[in-house]
Amino acid sequence: MADAARSTDRLEALDITRKLAAICGTPFARFAGPADEVAGRTARWVAVPGGPHAAAEVLRLAAAHDLTVVPRGAGTKIDWGAAPAQVDIMLDTGRLAGVWHEPRDAAVAEIGAGTPLRAVQATLARTNRRLPVDAPSPGATLGGVLAADESGPLRHRHGSPCAQLVGVRYLDADGELVSVGESGTEALGRATPGSGGGRASGRGPAGDGGGGAGSGPACAADGFGWGAGGLADGPGWGVGDPAGGAGGDPGRGGGDAILGRGEVPGLDVARLLCGSQGGLGVLVSATMRVHAVPAGRLWVSRPVWTPLEVHDLVRAVLAAGVDPAAVELDLPVPVPLPRRRIPPTHPSVVNRPDHPAVTGRPAAGSLVVLLEGGPADVTERAGRLTAVLGAEAIVSHHAPEWWGRYPFAPGDTALRIEVPINDLHAAVYALRDATGGPVPVRGSAGSGTVHAALSGALPPERVASILTAVRSVLIARRGRCVVVAAPAAVRRAVDLWGELPTLPRLRSAKAHLDPHHRLAPGRLPGGL
């Protein structure tokens, strides 16, 4: 009987493989291998559809056979977050790539979800434009950045990637192609290949290799990254804009989008996909705001010694009226940065004879401010900023080596801390106290969102105690501490998200958009 059952399973598996090959093309459908896993959970099949209609057929096949689907690109962040309960079909987005290159004065561009972010920027640069998106994940696709709502330094001025979204096309759990908001090409009076308004049927011929997102001028191959902002940190899942108080800032993809107060009908629902890790829909393409490449860029850096000093400096920077594009902090460990002393009579340290700048103690890290704009204007603002930051400030035409990079390495337990900027120093002190020493911290001091790294050698119970201590400090300050990546033993043993008041809303969204839990089941908080 058991042998007969295994034979039946094999026959069904071969049948599904043949059907996937008929949809995607023989080279683009196969049984999964050891490397095809999501946070340690191995898939059964890998499908690489050639266009949105083929992707829709994959989802319909999954529904017909009661199979789960998890989207993937290059897999650079595939081990982040909770392991899904089951991965039957891994839907590779690499062929859903392309950039609809608009005229120089166009304010938006439609981009295939599987397009690497670096290819998007290279394409837009031909007309001196860019996406103001600088997600740290190497090789990340636009779809991966949005699925994680992953932000880099430029979020300080431009908001999260989700905040820059003006239209999307995505597939729901039943394989229906949904178009909401604005299409980059439709905005200029041209029909987007394979697109339609409202809710399209999404049905097309098997083996669809073109149309829709895949039919524009192709960029490079796929890349993907579950980013730092995912893991329930999309708009409405997190604390909102930490710099702005308790409420979400709709200009930065905050809570208003979730509550149905979006400026474009349906776009509030589509923005739920941001940060959902593919658990609410499969993104096909996104229409994003684009901006002119700034003619001038300068980085103004200053060494720092304590989190409290960072707090004072950030307040001074934001009050200086220099309109920074980014305000980033790096507190590495250990810190071998030799530095010169300054006279105790210097205005920045007067009456502070024990200040490290006077004693010559090595700096603990750096605070760096990015200024963008016209060359003359940027130079003038940099001069005003150096006057505020004091004699230790240095102006450079190049970013520091650590700019736009995470402070953790593979195998570390990676944390994301969000807190109002006035309480960021308290969060860093709490993390140090709980850990018993300095911890590498890096991120946006100007928006109160930073990442930290705990050694991967720490046992799960120790990590759990650190999280409890830090979260107890943050909860009174409207902050959060999320585990974005961790060794498997830690990931299984600790609460990755902590308290999440919006969990009922997330549960309702999952029930509405994916009632049968076919899309990345278990990747969202609460096992959703």
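Bear in mind the structure is a predicted one, so any value in this text is a computation, not a measurement.

Quick notes on the rules
All residue numbers refer to position in the chain's written sequence, counted from 1. Per-residue local features of the predicted model are confined to residues with pLDDT of at least 70, and side-chain atom pairs are confined, for both listing and counting, to 80 or more; whole-chain, interface and lining totals are unaffected and use all residues. Excluded from the side-chain calculations are hydrogens and water; all other atoms, namely the structure's heavy atoms, are used. Angles run from 0 to 180 degrees between N-to-C directions of axes, and those axes are lines fitted to C-alpha atoms, restricted for helices to the stretch in contact. For the purposes of this entry, the term helix denotes a DSSP run of H or I that reaches at least four residues, the term strand denotes a run of E that reaches at least two, and both are numbered from the N terminus. Between 65 and 115 degrees an angle is taken as roughly perpendicular, under 35 as roughly parallel, over 145 as roughly antiparallel, and anywhere else as oblique. Here a crossing is taken to be left-handed if its near helix is turned anticlockwise relative to the far helix by less than a right angle, and right-handed if that turn runs clockwise. By definition in these notes, contact holds between two residues if any of their heavy atoms fall within 4.5 Å. When DSSP finds at least two bridges between two strands, those strands are taken to pair. Buried, partly exposed and exposed residues are distinguished by accessible area as a fraction of the type maximum, computed with a 1.4 Å probe on protein chains only: under 20%, between the cut-offs, and over 50%, respectively.

Asks: Explanation requested: the packing of helix H8 (residues 307–319) against helix H11 (residues 424–435) in the structure shown.
Replies: Packed helix pairs are specified by the crossing angle of their axes together with the interaxial distance, meaning the distance between the axes. The contact between H8 and H11 brings their axes to 8 Å, and the two run at 165 degrees. In terms of their interaxial angle, H8 and H11 are classed as roughly antiparallel. Classified by chirality, the crossing of H11 by H8 is right-handed. Two secondary-structure elements touch here, H8 through Pro307, Leu308 and His311 and H11 through His425, Val428, Tyr429 and Arg432.

Asks: Teacher, can you tell me more about the sheet that holds strand S16 (residues 365–373) here?
Replies: What holds strands together in a sheet is hydrogen bonding between their backbones, with the strands either parallel or antiparallel. With antiparallel pairing, 8 strands are arranged side by side in an open sheet as S17-S14-S16-S15-S19-S20-S18-S21. Where the open sheet ends on each side, the last strands, each with one partner, are strand S17 (394–396) and strand S21 (480–485). On average, each strand axis in the sheet is tilted by 20 degrees relative to the strand beside it, whichever way the strands run. Here strand S15 (residues 326–331) pairs with strand S19 (residues 441–444) via 4 bridges, running antiparallel. Note that in S19 the partner of aspartate 330 across the bridge is arginine 442. The strands touched by H11 within the sheet are S15, strand S18 (413–418), S19 and strand S20 (449–454), with S20 carrying the most contacts at an inclination of about 10 degrees.

Asks: I keep staring at the pairing of S20 and nothing clicks. Help me out?
Replies: Remark: a regular strand shows side chains that alternate across the two faces of the sheet. Most of S20 sits out of view: 6 of its 6 residues are buried. Because side chains alternate across S20, one face comprises the buried residues Thr449, His451 and Ala453, and the other comprises Val450, Ala452 and Leu454, equally buried. Summarising the sheet, S18 and S20 pair through 6 bridges and their orientation is antiparallel. Bridge pairing in S20 places arginine 416 opposite histidine 451. Between the antiparallel neighbours S19 and S20 lie 4 residues, among them glycine 448 with a positive phi of about 75 degrees.

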